[in-house]
Amino acid sequence: GNSVTQMEGPVTLSEEAFLTINCTYTATGYPSLFWYVQYPGEGLQLLLKATKADDKGSNKGFEATYRKETTSFHLEKGSVQVSDSAVYFCALASQTGANNLFFGTGTRLTVIP
Amino acid sequence: EAGVAQSPRYKIIEKRQSVAFWCNPISGHATLYWYQQILGQGPKLLIQFQNNGVVDDSQLPKDRFSAERLKGVDSTLKIQPAKLEDSAVYLCASSSIPGRAPAYEQYFGPGTRLTVT
C-alpha cells in the first residue's frame, strides 16, 4: 500500500539555522512526491514537488530530492526565517489508480529570533 | 484566480446532530476531494469526485457521511448523525483533470473546523 513516514516534531530552530525534515515513503509504482505547508490559521499550500526519481523540487529556499533508492524525499533549507514557522506535510500521489494524496503526520517547525 | 472556497469556517454541534459543509473548487477544476484532518494527524481522503462522478469513496464512513457534487462544480459533505470522533478539520481540494500538467497538484481550501460536543 501507500504510506508516508515523516520525522516527528516539534522542531525548534534559531533563525538562520539549517533545516532538515525527514520523509520516507512506501508506494506501488512510481509516485509523485510533495511537500505541503500549513501556516497558522491558513489552509494547506503546495511548497514543492517532484514527479520522478532524482528530480529536485525547490521553492522559497526549500529543496527536496526524490531518492528512489532510499525511498526518501527529505526537506531542507539552508537558513530558516521566523516566517517559516508552520506545519510541514510530506505527501505522495500514486500514479496508478485515483490521484489521491497520502500524507504524513506533519512536522511543526518553530523558528525563534 | 480565486482559490477553493469553503463554508462555514467553524461549526460546533452536539453529538447525534447533523451538519453540512460546502465547497466551491477553482474554476475549471474537474476533480474535487474531501479530506478529514484530525488534530495531530495528516489529512486523510474521504471521497474524490471527477466531474459529478465518484472516483474513490473507500474511506468514507457511509453509514453517517454522504457527499454530492450534482452539477460537477460545487460539493456538499454531510454528517448525520455526528459522533465525538468526527471532530476534525474538513478540507476540500481541487485539481485539473488528468493528462494536463500539473495533473497531480491539488489546491486546498481553508477548511471547516468541526467540534462535536
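Scoring rules and cut-offs
- Residues numbered from 1 in each chain as written.
- Chains lettered and ligands numbered in written order.
- Predicted model: local features only at pLDDT ≥ 70, side-chain atom pairs only at ≥ 80, totals over all residues.
- Heavy atoms only, no water.
- Helix = DSSP H or I, 4+ residues; strand = E, 2+ residues; numbered from the N terminus.
- Rg over C-alpha atoms; globule rule 2.2 N^0.38 Å.
- Contact = heavy atoms within 4.5 Å.
- Areas by Shrake-Rupley, 256 points an atom, 1.4 Å probe, with all protein chains shown as cover.
- Lys, Arg positive; Asp, Glu negative; His and termini not counted.
- Charge placed at Lys NZ, Arg CZ, Asp CG, Glu CD.
- Core = buried A, V, L, I, M, F, W, Y, C linked by side-chain atoms within 4.5 Å.
- Buried < 20%, exposed > 50% of the residue type's maximum accessible area, 1.4 Å probe, protein only.
- Phe/Tyr/Trp six-rings, centres within 6.5 Å; stacked < 30°, edge-to-face > 60°.
- Buried area = accessible area lost by both parts, 1.4 Å probe.
- Salt bridge = Lys/Arg side-chain N within 4 Å of Asp/Glu carboxyl O.
- Polar contact = N/O pair within 3.5 Å; in protein donor to acceptor, adjacent residues only side chain to side chain.
- Nonpolar A, V, L, I, M, F, W, Y, C, P; charged D, E, K, R; others polar.
- Pairing = 2+ DSSP bridges.
- Axes fitted to C-alpha atoms, helices over the stretch in contact; angles between N-to-C directions.

A.B. asks: Just checking my understanding: could you explain the overall build of chain A for this structure?
C.D. replies: Secondary structure assignment for chain A yields zero helices and twelve strands. Moving toward the C terminus, one meets the helices and strands of chain A in the order β-β-β-β-β-β-β-β-β-β-β-β. In terms of C-alpha radius of gyration, chain A reaches 14 Å, essentially the compact-globule figure of 13 Å for 113 residues. Projecting the C-alpha coordinates of chain A onto the three principal axes gives extents of approximately 45 × 25 × 20 Å. In chain A, the proportion of contacts linking residues at least 24 apart, taken out of those at least 6 apart, comes to 56%. Of the roughly 5,200 Å² of accessible surface on chain A, 49% is carried by carbon and sulfur atoms. Taking the 8 positively charged and 10 negatively charged side chains of chain A as two groups, their mean positions are separated by 7 Å.

A.B. asks: Could you clarify how one ought to interpret the nonpolar core in this entry?
C.D. replies: Side chains of a nonpolar character, in soluble globular proteins, are inclined to be buried together. By size, the foremost hydrophobic cluster in this structure holds 26 residues, and its most contacted members are Trp35, Leu47, Leu48, Phe73, Leu75 and Tyr88 of chain A. Secondary structure elements with two or more residues in this core: β2 (11-14), β3 (19-21), β4 (23-26), β5 (32-38), β6 (44-50), β8 (62-65), β10 (86-93) and β12 (107-112) of chain A. Looking at this core element by element, the count peaks at four residues for β10 of chain A. Counting residues in hydrophobic clusters, the runner-up holds 21 residues, among them Ile13, Phe49, Ile79 and Ala88 of chain B.

A.B. asks: Please explain the packing of aromatic side chains as it appears in this structure.
C.D. replies: Geometry of an aromatic ring pair is reported as the spacing of the ring centres plus the angle between the planes. Under the criterion given, the structure shown has twelve aromatic pairs over all chains. Relative to Tyr36 of chain A, the ring of Phe34 of chain A has its centre 6.2 Å away and its plane inclined at 40°; by these criteria the two rings are tilted. Summarising the burial analysis for this pair, Phe34 of chain A and Tyr36 of chain A share the class buried. With 5.5 Å between their ring centres and 40° between their planes, Tyr35 of chain B and Phe108 of chain B make a pair best called tilted. You can see Tyr35 of chain B sitting in strand β4 (residues 31-37) and its partner Phe108 of chain B sitting in strand β10 (residues 107-108), a full 73 residues away along the chain.

A.B. asks: Help me understand the interface of chain A and chain B in this model?
C.D. replies: Accessible area lost when the parts come together is the quantity often used to give the size of an interface. Of the residues lining the interface, 19 residues belong to chain A; the matching set on chain B comes to 22 residues. Of the roughly 1,500 Å² buried between chain A and chain B on both sides combined, carbon and sulfur atoms contribute 52%. The tally of links from chain A across to chain B stands at zero salt bridges. Taken together, the connections running from chain A to chain B amount to two residue pairs in polar contact (both at pLDDT 80 or more). Within the residue set of the side of chain A that touches chain B, elements represented by two or more residues are β5, β6 and β11 (101-103) of chain A. Looking at which element gives the most residues to the side of chain A that touches chain B, the answer is β5 of chain A, with four residues. Residues of the side of chain A that touches chain B, tallied by class, amount to eight nonpolar, ten polar and one charged.

A.B. asks: I tried to follow the pairing of β6 of chain A on my own but got confused; where do I start?
C.D. replies: Here is the key point about a regular strand: its side chains alternate between the two faces of the sheet. All names here are of chain A. As paired elements, β5 and β6 share six bridges and run antiparallel to each other. Paired with Val37 across the bridge in β6 is Gln45. Between β5 and β6, which follow one another and run antiparallel, lie five residues, and Gly41 among them has a positive phi close to 80°.

A.B. asks: Just checking my understanding: could you explain the environment of Ala86 of chain A for this structure?
C.D. replies: Residue and element names in this part refer to chain A. Tracing the backbone through its elements, the reader meets Ala86 in strand β10. By relative accessible area, which is 4% here, Ala86 ends up buried. Residues Ala86 and Arg108, spaced 22 residues apart in sequence, show a C-alpha to C-alpha distance of 5.9 Å. Those residues in contact with Ala86 that lie beyond four places of it in its chain are Val37, Gln38, Tyr39, Thr107, Arg108 and Leu109.

A.B. asks: How should the sheet that holds β3 of chain A be read in this particular structure?
C.D. replies: Where strands meet in a sheet, backbone hydrogen bonds hold them as pairs that are either parallel or antiparallel. All names here are of chain A. Overall, antiparallel pairing links the four strands, which are arranged β3-β9-β8-β7 in an open sheet. Both outer strands of the open sheet, β3 and β7 (56-59), are each paired with one neighbouring strand and no more. Neighbour-to-neighbour, the strand axes of this sheet turn through a mean angle of 15°, independent of strand direction. Two strands pair when backbone bridges link them, and β7 and β8 are joined in this way by four bridges, in the antiparallel orientation. Bridging from a neighbouring strand, Ser58 pairs with Glu63 of β8.

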